[in-house]
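Here are the chains, one letter per residue:
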Amino acid sequence: MTQSFKEVLAWQKAHSFVLDVYRTTKCFPQYERYGLCSQFERAAVSIPANIAEGYRKDGIADKLRFLNIAQGSLEECRYYILLSKDLDYITLEQYNTLNQSIEEASRLLTAYYKGLKERHVL
């Protein structure tokens, strides 16, 4: 059993994704600072933040609800990655890096969600 949300692999990968997003968005056009950058960063931060918040919830339903919110934010970020590429704000290499990072986070978040759900009969 883990002692902290920081030990959860899904949180670690989601946190790493957030860092990738911030490194990427600082190169976006200045006029996007309060538009796409803000939306992308907020959605990215929501992923590990909801994993962390759900970690300490007592009931399994609450835990799963927060993980599901994290999954929704992750999907939102998938769109922002595509939009950033289509607007030519990121290179193909940055696009691939962000996609790889979000895929790793997604796989681990899905496994964490399923593992919790399977251990508890709702």
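Let me begin by describing the structure that accompanies this report. As the structure is a computational prediction, the values presented were derived from the model and not from experiment.

Moving on: the pattern of salt bridges. Using the criterion set out here, one finds seven salt bridges in the structure. Residues Glu103 and Arg78 are paired through a salt bridge, measuring 2.2 Å at the closest nitrogen-oxygen approach. Here Glu103, found in helix 4 (residues 92-119), pairs with Arg78, found in helix 3 (residues 60-86); they are 25 residues apart in sequence, far enough to count as distant. Across the pair Asp86 and Lys85 runs a salt bridge, and its minimum N-O distance is 3.2 Å. Overall, Lys85 belongs to the partly exposed group, its relative accessible area being 25%.

Tracing the backbone shows Ser106 in helix 4. Its relative accessible area of 12% is what places Ser106 among the buried residues. Apart from the residues lying within four places of it in its own chain, the contact partners of Ser106 are Leu74 and Arg78.

Glancing now at the packing of aromatic side chains. Following the criterion strictly, the structure yields four aromatic pairs and no others. An angle of 50 degrees between the planes, with centres 5.3 Å apart, marks the rings of Phe28 and Tyr89 as tilted. Within this pair, whereas Phe28 is found in the loop between helix 1 (9-25) and helix 2 (36-55), its partner Tyr89 is found in the loop between helix 3 and helix 4, the two being separated by 61 residues in sequence. For the ring pair Tyr79 and Tyr80, a centre distance of 5.9 Å and an interplane angle of 55 degrees mean the geometry is tilted. Classification of Tyr79 as partly exposed rests on a relative accessible area of 46%. Taken together through their ring pairs, the aromatic side chains of Phe40, Tyr79 and Tyr80 make up a single cluster.

A few words on the nonpolar core. Grouped together as the largest cluster of nonpolar side chains are 34 residues, with contacts concentrated most on Phe17, Phe40, Ile47, Ile51 and Cys77. At the level of secondary structure, the elements contributing two or more residues to this core comprise helix 1, helix 2, helix 3 and helix 4. If one sorts the elements of this core by residue count, helix 2 sits on top with nine residues. The contact partners of Phe17, leaving out residues within four places of it in the chain, are Phe40, Ala44, Ile47, Cys77, Ile81, Leu98, Ser101 and Ile102.

Thresholds, definitions, all that
Residues numbered from 1 in each chain as written. Predicted model: local features only at pLDDT ≥ 70, side-chain atom pairs only at ≥ 80, totals over all residues. Heavy atoms only, no water. Salt bridge = Lys/Arg side-chain N within 4 Å of Asp/Glu carboxyl O. Helix = DSSP H or I, 4+ residues; strand = E, 2+ residues; numbered from the N terminus. Buried < 20%, exposed > 50% of the residue type's maximum accessible area, 1.4 Å probe, protein only. Contact = heavy atoms within 4.5 Å. Phe/Tyr/Trp six-rings, centres within 6.5 Å; stacked < 30°, edge-to-face > 60°. Core = buried A, V, L, I, M, F, W, Y, C linked by side-chain atoms within 4.5 Å.

So, to be careful, I would describe these as geometric facts and stop short of saying anything about function.
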